[in-house]
Amino acid sequence: MTATAARAERQFDLIVIGAGPAGAAAAHVAASQGLRTALVDKRRFPRPKLCGGGITGRAMSHYRDIFEQNQPNVPLVTCRDLSFFAFGQDLGTDHNAPPLHLGMRITFDAHLVALALRAGAEDFTGQTGALDTSATALDIAGMRLTAPVIIAADGVNSPTARQLFGSAFDRTKIGFALEVETPEIAPDKPLRIDFGAAEWGYGWRFPKTGSTTIGLGGVMSRNTDMKAALAQYLDRLGADPTQPPKGQFLPFGAFRKTPGRGQILLAGDAAGLVDPITGEGIAHALHSGSLAAQATIAALKAGRPETALALYQQKIRPIHRGLQHAGMLRQIIFRPQFRRTFIKSFQNSRTLRGEYLRLLAGQTEYAPIMRHMALRLPGFGLKVLREI
Ligand SMILES: Cc1cc2nc3c(=O)[nH]c(=O)nc-3n(C[C@H](O)[C@H](O)[C@H](O)COP(=O)(O)OP(=O)(O)OC[C@H]3O[C@@H](n4cnc5c(N)ncnc54)[C@H](O)[C@@H]3O)c2cc1C
């Protein structure tokens, strides 16, 4: 008798690997539509996750659509005061910006998982499995889980992407972020974003209910000493320099054009869906997880699970387009020859600033910002206009 035959087999319509925002969203959408859904994560929840915990209006609106709840039932600080700096220069503070919510991922993610389980997903958290890509099966704790489709939302280091493609991400393009949780409680201080605090990246100070998160992230290959950059940034903000920093890869700048292979779909960080300008990943994780589940539902309904990936790729196109635009805009912000124009435009143009805030709020996409910058930078403009 083979090892596989000795395992008890459980059949599902969908296996979701990874129960962060992308996986919880996928499992919730699928289970709500009656799919027998297994939700697997190597950790049990609540579990910590290194993150600024900035939940933008765009993330919140995906949360509402997917989980059909008005507001996550977790402690959140809501900020309407946003200060912007670029390369050390003060770009001003907006006092009535669309609300940005700040919370700890340990509670936020546990809340999402609880909602997915309540919708009917079966709980396989606290366990890892060995993926059998030829059979779309996961061997886990003496059991074989099988399903016609698997959604892998197993994060930036995605073991699934590594198994399918040989690596989880492109090391020449990947971002890296460092963060400290300082004991300072300052809900009255504006949320602060510093473009250029790291090379081809930014810094942030996010007030939370019991602490303040300060961090920076940038393109890894351009930042040879991120720890020194963080120390400088903490010094600039007058923050406690003694807290130990924690680091993690940030998958911005190189999303997977085909987000999966065969009947395995990748969502969230596993598919490289972090915005290269804002560093925001929760919104795209929630959105892509739900789109992958919708594609799976449609493919199974048609009795053609092999079409799930193509359907998903179509649905995810607007996210890819937005990331492409953000990648171009990043050239304006960080290339020295365009930098002054960006700073002046962001400082002086209420339209550009307003569009940026509307983007964070989920009320617009990158195209209007691109058009605005194209008008100010004619050389760049031609290139941009061909893209939008
Ligand atoms: C320092 C830092 C700050 C950030 N700040 C923000 C911010 O303020 N706002 C924002 O929107 N985004 C932020 N991001 C990005 C954001 O954290 C991610 O984009 C988001 O978590 C992606 O969600 P996900 O569900 O794809 O992956 P994750 O949240 O990483 O979840 C992946 C899950 O997969 C599980 N897993 C991994 N391997 C396996 C396995 N083999 N088997 C089973 N399960 C597995 C993990 O345990 C985890 O629960 C930040 C990132 C960093 C690094």
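Participant: So, the site of the ligand: which residues are in play, and what are the values?
Facilitator: Residues in close proximity to the ligand total 37 residues, the closest being Asp 41, Gly 52, Gly 54, Arg 105 and Asp 269. The contact in question runs from a nitrogen atom of the ligand to an N or O atom on the backbone of Lys 42, over 3.1 Å. With respect to the ligand, the backbone of Gly 54 contributes an N or O atom lying 2.8 Å from an oxygen atom. Alone, the ligand offers 1,000 Å² of accessible surface; in the complex the protein occludes 92% of this.

Participant: Outline the sheet that holds strand β11 (residues 137–140), listing residues and values.
Facilitator: Pairing between sheet strands relies on hydrogen bonds along the backbone, with the strands arranged either parallel or antiparallel. The strand order across the open sheet built from four strands is β1-β12-β11-β10, with neighbouring strands paired in mixed fashion. What marks the edges here is a single partner per strand, and that holds for β1 (8–11) and β10 (130–132). Strand after strand, the sheet turns through a mean of 25 degrees between neighbouring axes, direction not considered. Examined bridge by bridge, β11 and strand β12 (residues 143–146) share four bridges and lie antiparallel to one another. Paired with Leu 138 across the strands is Leu 145, a residue of β12.

Participant: Before we move on, could you go through the nonpolar core and cite the residues and values that matter?
Facilitator: Residues Leu 39, Phe 67, Ile 151, Leu 265, Leu 286 and Tyr 312 are the most contacted members of the largest nonpolar core, which totals 56 residues. The next biggest cluster of nonpolar side chains, apart from the first, holds 41 residues, and it includes Leu 100, Ala 177, Trp 204 and Tyr 356.

Participant: If you had to explain the side chain of His 320 to someone new, which residues and values would you point to?
Facilitator: You can see His 320 is positioned in helix α9 (residues 317–334). With relative accessibility at 8%, the residue His 320 sits in the buried group. Residues within four places of His 320 in sequence aside, it is in contact with Phe 255, Arg 256, Lys 257 and Leu 273.

Procedures and definitions
- Residues numbered from 1 in each chain as written.
- Predicted model: local features only at pLDDT ≥ 70, side-chain atom pairs only at ≥ 80, totals over all residues.
- Heavy atoms only, no water.
- Near = heavy atom within 4 Å.
- Polar contact = N/O pair within 3.5 Å; in protein donor to acceptor, adjacent residues only side chain to side chain.
- Areas by Shrake-Rupley, 256 points an atom, 1.4 Å probe, with all protein chains shown as cover.
- Pairing = 2+ DSSP bridges.
- Helix = DSSP H or I, 4+ residues; strand = E, 2+ residues; numbered from the N terminus.
- Axes fitted to C-alpha atoms, helices over the stretch in contact; angles between N-to-C directions.
- Core = buried A, V, L, I, M, F, W, Y, C linked by side-chain atoms within 4.5 Å.
- Buried < 20%, exposed > 50% of the residue type's maximum accessible area, 1.4 Å probe, protein only.
- Contact = heavy atoms within 4.5 Å.

Nothing here speaks to function; it is geometry throughout.
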